[in-house]
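Structure assessment
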Amino acid sequence: MNINFTQKFEDKTNQLIVTVLFLDSDNKLICKNETLSDDDKVALEKGGKETSRFKSGCTATQLWYVAGKKEDENAIRKTCAFFYKTSKKYSYANAVLDFGTNESGIENLRLAQIVSDSLFMSDYKYDVFKKDDSVKLENVTICLDIPANQAAAIVEKNAVIAKGVNLVRDMVNAPANIMTIDKFEETAKNACRECGLQVNVLDKKTLTEKGMNLLLAVGQAGIQEPRMLEISYHGAEDEKTNFIVGKGIVFDAGGMNLKTGTGLNDMKTDMAGAATALGIIITAASLKLKCNITVLLPLAENAISSKSMHTGDVIVGYKKKSVEINNTDAEGRLILADAISYADEQNPELIIDIATLTGAALIALGSKITAGFFTDTTVKNKMMEAAQMTGEGLWELPLADDYRGYLKSDIADLSNISSPPREAGTITAALFLQSFVENAKWVHLDIAGPSFLDNAWNAYPAGATGAMLKTIIQYFETK
Ligand code: BES
Ligand code: ZN
Ligand code: ZN
């Protein structure tokens, strides 16, 4: 999809024009130099979102769309989704998004950023197994007054970020019979080759030598052997590295604590954290960000067979802490524990882990807000600001000391689930992980909700979202 910014658009046939209107604080339409009839205006003010008719002297279809009140960035994102869907619905390959004199109350450059990001986010479909024959929206003209070089830079950067997000979406949307552990490794190697990064594979033998027994235990019943991918990007001299650890369960059946009914739905997406961490390092390298990043991607399948972990098993992982497995379905924290311990040992600047960790996060914050845990206030504030900039939902939950005792085991250092069960599941999972961080500053992002949408939201079509990739890139850009 080509995106161009101009001040005035050309009148062409076979072109859709969507003119975006806003309401002032009294819900009156802000409408300058438009040929809208009074009746149309009244209808739009009364809550009609759109009206269309041929504009005189213009051969294309023109449609007026009320984005909503001024100064609402999500209204712009929704407008872009509407614009994209409408052009598809009426099979336009060329379309104009006309902001006129920009009455949005949002500054031109910021508006350009949100619009180009949203259009790229809209322009995605997982079409590997079901072909999409609809007309592709190829050329988008956005009427907004910004200097050509700045417009080009905004579009170029958002295109790179969208490529990263779409890599994550493709991997997460792929079914588990396709996105196996081998396939994940191959996909990572191909993507890394393109931007000059190397993938180091810690295979089963290496994991055994290193004592990464928690990762090995989770993966011991999987069709393919568990492993850990390690990828480093060096973009800054004399700076410590930032580790990003991503949960890579290619399918989470639950193990012996087998998931039941709808609990099994969408469990192909349980590698979203690992895919996102991969997308982040690819994007950081493509944008040549001035920072150092190492990603660790523990990959395993949490399967059920006679080889699965039993409940009651005690496993000593990389950090030599013993863990009693009281629920085999709480596997994400186990594979992350080994990877986080390994990262913590290497004197990093920061460890960020990203994981579809708990169903409780989806219950607490829903599918639009990531649960975030932070041990450093400066990092937290920057991450929160970054999320504001990208429009991704992020909310802090507490690393509550009062709940640490919930993870006690009678026969091991830790239990992998909390008691009483069901209380504060997202927090106790975070506390479990925190006990493997001894030295580093740490951020834990539970993306169980936002990584996959059942219904479209803002500019995101239903399905995998690549949630938090943009926010973490924004964090490293501005840190
Ligand atoms: N992968 C799941 C969490 C999940 C649930 C992600 C729904 C996305 C949507 C995780 O491994 C899991 O099963 N967690 C358990 C933990 C429990 C056994 C303490 C859960 O959330 O029920
Ligand atoms: Zn699980
Ligand atoms: Zn899981």
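The written sequence of each chain sets the order in which its residues are numbered from 1. Chain labels run from A onward and ligand labels from 1 onward, assigned in the order the entries are written. Predicted model: local features are reported for residues with pLDDT of at least 70 only, side-chain atom pairs are reported and counted for 80 or more only, and whole-chain, interface and lining totals are derived from all residues. Calculated side-chain values reflect all of the structure's heavy atoms, with hydrogen atoms and water omitted.

**Focus: the side chain of Thr-465**
A run of H or I in DSSP counts as a helix once it spans at least four residues, and a run of E counts as a strand once it spans at least two, with each numbered from the N terminus. Among the structural elements, Thr-465 can be located in the loop between β21 (463-464) and α13 (469-478). Judged by relative accessible area, which is 4%, Thr-465 ranks as buried. In the analysis that follows, any N or O atom pair within 3.5 Å is treated as a polar contact, provided that within protein one partner can donate a hydrogen and the other can accept it, and provided that, for residues neighboring in sequence, both atoms belong to side chains. Of the polar contacts made by the side chain of Thr-465, one reaches the backbone oxygen of Pro-450; its length is 2.6 Å. Any pair of residues with heavy atoms lying within 4.5 Å of one another is described as a contacting pair. In this structure, Thr-465 is in contact with Val-165, Arg-169, Pro-450, Ser-451, Phe-452, Leu-453 and Tyr-460, ignoring residues within four places of it in sequence. Classification of residues uses two cut-offs on accessible area relative to the type maximum, computed with a 1.4 Å probe and protein chains only: under 20% is buried, over 50% is exposed, and between them is partly exposed.

**Remarks on the pattern of salt bridges**
If charged atoms from side chains of opposite charge come close, those side chains can pair. Within this document, salt bridges are pairs made up of a side-chain nitrogen of Lys or Arg and a carboxyl oxygen of Asp or Glu, the two lying within 4 Å of each other. Applying the stated criterion across every chain yields a total of 18 salt bridges. Across the pair Lys-441 and Glu-349 runs a salt bridge whose closest N-O atoms are separated by 3.2 Å. With Lys-441 in the loop between α12 (425-434) and β19 (442-446) and Glu-349 in the loop between α9 (332-344) and β15 (350-355), this pair connects stretches of sequence that are 92 residues apart. Residue class for Lys-441 comes out partly exposed when judged on its relative accessible area of 30%. Measuring nitrogen to oxygen at the nearest pair gives 3.1 Å for the salt bridge that ties Glu-396 to Lys-380. With Glu-396 in strand β17 (residues 393-396) and Lys-380 in helix α11 (residues 377-390), the pair connects residues that are 16 residues apart, well separated along the chain. On the basis of relative accessible area, Lys-380 is assigned to the buried category, the value being 19%. Through salt bridges with shared partners, one network takes in Asp-182, Glu-185, Lys-189 and Arg-227.

**A word on the site of ligand 1**
The rule for a residue being near a molecule or strand is that one of its heavy atoms must lie within 4 Å of it. Around ligand 1 sit 15 residues in total, of which Asp-252, Lys-259, Asp-329, Glu-331 and Gly-359 are the nearest. At 2.9 Å from a nitrogen atom of ligand 1 is found a side-chain nitrogen or oxygen belonging to Asp-270. The accessible surface values rely on the Shrake-Rupley method and a 1.4 Å probe; as for residues, cover is taken only from the protein chains in view. Taken by itself ligand 1 offers 510 Å² of open surface, and the protein chains cover 76% of this. Looking at side-chain class alone, the shell around ligand 1 contains four nonpolar, four polar and seven charged residues. As a working rule, the residues Ala, Val, Leu, Ile, Met, Phe, Trp, Tyr, Cys and Pro are called nonpolar, Asp, Glu, Lys and Arg charged, and the rest polar, with Gly in that last group.

**Some details on the coordination of the zinc ion (ligand 2)**
Water is not part of the atom set, so a site may look incomplete; the donors themselves are N, O and S atoms within 2.8 Å of the metal, or 3.2 Å for Na, K and Ca. Each protein donor to the zinc ion (ligand 2) is listed here as Asp-252 (OD), Asp-329 (O), Asp-329 (OD) and Glu-331 (OE); together their distances run 2.0 to 2.2 Å. Irregular is the label for any site that misses the other tests, which are tetrahedral for four donors with all angles between 85 and 135 degrees, and square planar for four donors or octahedral for six when opposite donors exceed 155 degrees and the remaining angles lie between 65 and 115. The site at the zinc ion (ligand 2) holds six donor atoms, and with the angles between them running 70 to 169 degrees, its shape is irregular. Read N to C, the donor residues that coordinate the zinc ion (ligand 2) are spaced as D-x76-D-x1-E. In this model, the zinc ion (ligand 2) sits 3.2 Å from the zinc ion (ligand 3), the two metals being bridged by Asp-252. Taken together, the residues span a long stretch of sequence, with Asp-252 in strand β11 (residues 248-252) and Glu-331 in the loop between β14 (322-324) and α9 at a distance of 79 residues.

**What about the pairing of strand β6 (residues 94-98)?**
Of all five residues making up β6, five are buried, and the element is well covered by its neighbours. Burial along β6 is two-sided: the residues Asn-94, Val-96 and Asp-98 and Ala-95 and Leu-97 are all buried. When DSSP finds two or more bridges between two strands, those strands count as paired. Examined bridge by bridge, strand β2 (residues 15-23) and β6 share five bridges and lie parallel to one another. Across the sheet, Thr-19 pairs through a bridge with Asp-98, a residue of β6. Of the pairings in the sheet, the one linking β6 to strand β7 (residues 139-143) comprises five bridges and is parallel in character. From the neighbouring strand, Ala-95 faces β7, where its bridge partner is Val-140. For the crossover from β6 across helix α3 (residues 108-122) to β7, the handedness is right-handed. Crossovers are described as right-handed under a simple rule: with the strands pointing away from the observer, the path leading from the first strand over the helix to the second runs clockwise.

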